[in-house]
Amino acid sequence: MNRSWQVGTGLLLTGLAGYVDALGFVRLGGLYTSFMSGNTTQLAVFGAEAQPHRMALPAILLAAFLFGSILGSGLAILVPARWTTPVVLAYESLLILGGLALGLATPELGLAAFFVAVAMGTQNAVLAQVQGFRAGTTFVTGALFSLGQKIAKALTRTGEPFGWIGDGLVWLSLLLGAYLGALAYEAFALYALIAPAAVSGAFALITAFLVLRAGQRTKGSTGRVESP
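Residues numbered from 1 in each chain as written. Predicted model: local features only at pLDDT ≥ 70, side-chain atom pairs only at ≥ 80, totals over all residues. Heavy atoms only, no water.

**Comments concerning the overall build of the protein**
Definition in use: Think of it this way: any DSSP run of H or I at least four residues long counts as a helix, any run of E at least two long counts as a strand, and we number them from the N terminus. Partly exposed describes any residue whose relative accessible area lies between the buried limit of under 20% and the exposed limit of over 50%, with all areas from a 1.4 Å probe on protein chains only and scaled to the type maximum. By definition, residues are in contact when any of their heavy atoms lie within 4.5 Å. Computed by Shrake-Rupley with a 1.4 Å probe, the accessible areas treat only the displayed protein chains as cover when residues are assessed.
The helix and strand tally for the protein stands at eight helices and zero strands. In the protein, the succession of α and β elements from N to C terminus is α-α-α-α-α-α-α-α. For the protein, buried positions account for 41% of its 228 residues. In the protein, 71% of the contacts between residues at least 6 apart in sequence involve partners at least 24 apart. Of the roughly 12300 Å² of accessible surface on the protein, a fraction of 70% belongs to carbon and sulfur atoms.

**Focus: unusual backbone geometry**
Phi at R157 is positive, roughly 60°, even though this residue is not glycine. Along the chain, R157 falls in the loop between α6 (140–155) and α7 (165–188). Residue classification places R157 among the exposed residues on the basis of a relative accessible area of 77%. Of note in this structure, A189 is not a glycine but carries a positive phi near 55°. Summarising the element assignment, A189 is placed in the loop between α7 and α8 (194–222). Judged by its relative accessible area of 35%, A189 is partly exposed.

**Looking at the UniProt feature "transmembrane region" (unreviewed entry) in the protein**
Formally: UniProt positions are given in the numbering used here, feature names are shortened, and annotations may be inferred rather than shown by experiment.
Sequence positions flagged by UniProt for "transmembrane region" (unreviewed entry) are, in local numbering, residues 59–81, 93–120, 132–152, 164–182 and 188–212. Counted over residues 93–120, helix gives 82% and strand 0%. Its end C-alpha atoms are 10 Å apart. Annotated as residues 188–212, this span is 80% helix and 0% strand, and its ends, taken at the C-alpha atoms, are 36 Å apart.

**Quick look at the environment of V140**
Within the element layout of this structure, V140 appears in helix α6. Sequence-wise, V140 and T14 are 126 residues apart; in three dimensions their C-alpha atoms are separated by 8.3 Å. Once residues within four sequence positions are removed from consideration, V140 is found in contact with T14, V170, W171 and L174.

**Looking at the packing of aromatic side chains**
Put simply, the rule reads: Stacked, tilted and edge-to-face are the three classes applied to pairs of Phe, Tyr and Trp rings, where Trp contributes its six-membered ring and a pair requires centres within 6.5 Å; stacked means planes under 30 degrees apart, edge-to-face means over 60, and tilted covers the rest.
Within the structure shown, the criterion is met by three aromatic pairs. Relative to Y32, the ring of F25 lies with its centre 5.5 Å away and its plane at 40°, an arrangement referred to as tilted. Of the residues examined, F25 reaches a relative accessible area of 39% and is grouped as partly exposed. Arranged with centres 5.1 Å apart and planes meeting at 90°, the rings of Y32 and F35 form a pair that is edge-to-face. Put simply, the rings of F25, Y32 and F35 pair up and form one aromatic cluster.

So, in structure tokens, the structure goes:
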């Protein structure tokens, strides 16, 4: 994928992270499946309040996200670079679908949240190689700071006049995704997970097609015989 595709995919994935975060926040009573800073804070607060029984869930979600990041990064390292995005997105889609299936079968165990947290850790490996643009990740706090920094540079004429737009779009993507996620959970409960699974799966297929087409073009150009 070229940089435009990477950035566009990153914005979509940021919105998807906001979507599942809203689902987790409502379903888990204030915890997250993507925003690990919030879960870390909750873990510390429950520890300070001497409530070890309440520390278990944020700790599990943190471990799931870390496990997902290891899996996603491992896949990104092992597969050819051009296949990183479709492979990781396909794996993410399967994780979300697995979480949905197990969550519907045994809702009391919270397996859906565990699998979605693993999926969100995995998705951060997709665009880790994109430099200079905070997209496709769940690090929106950093994007918001970068937005303010670039606005300040634009106002003082020490930077690009519209260099802040990218970071602003990242924040708006998360906001819109979270809004849609809250509406979807209210209407469909756990079945709302079908949407992010479908989105990541569809983008896996699209990016796989682009990789294959690029490979065919490369073979065609190298196999061309020039006439004398």
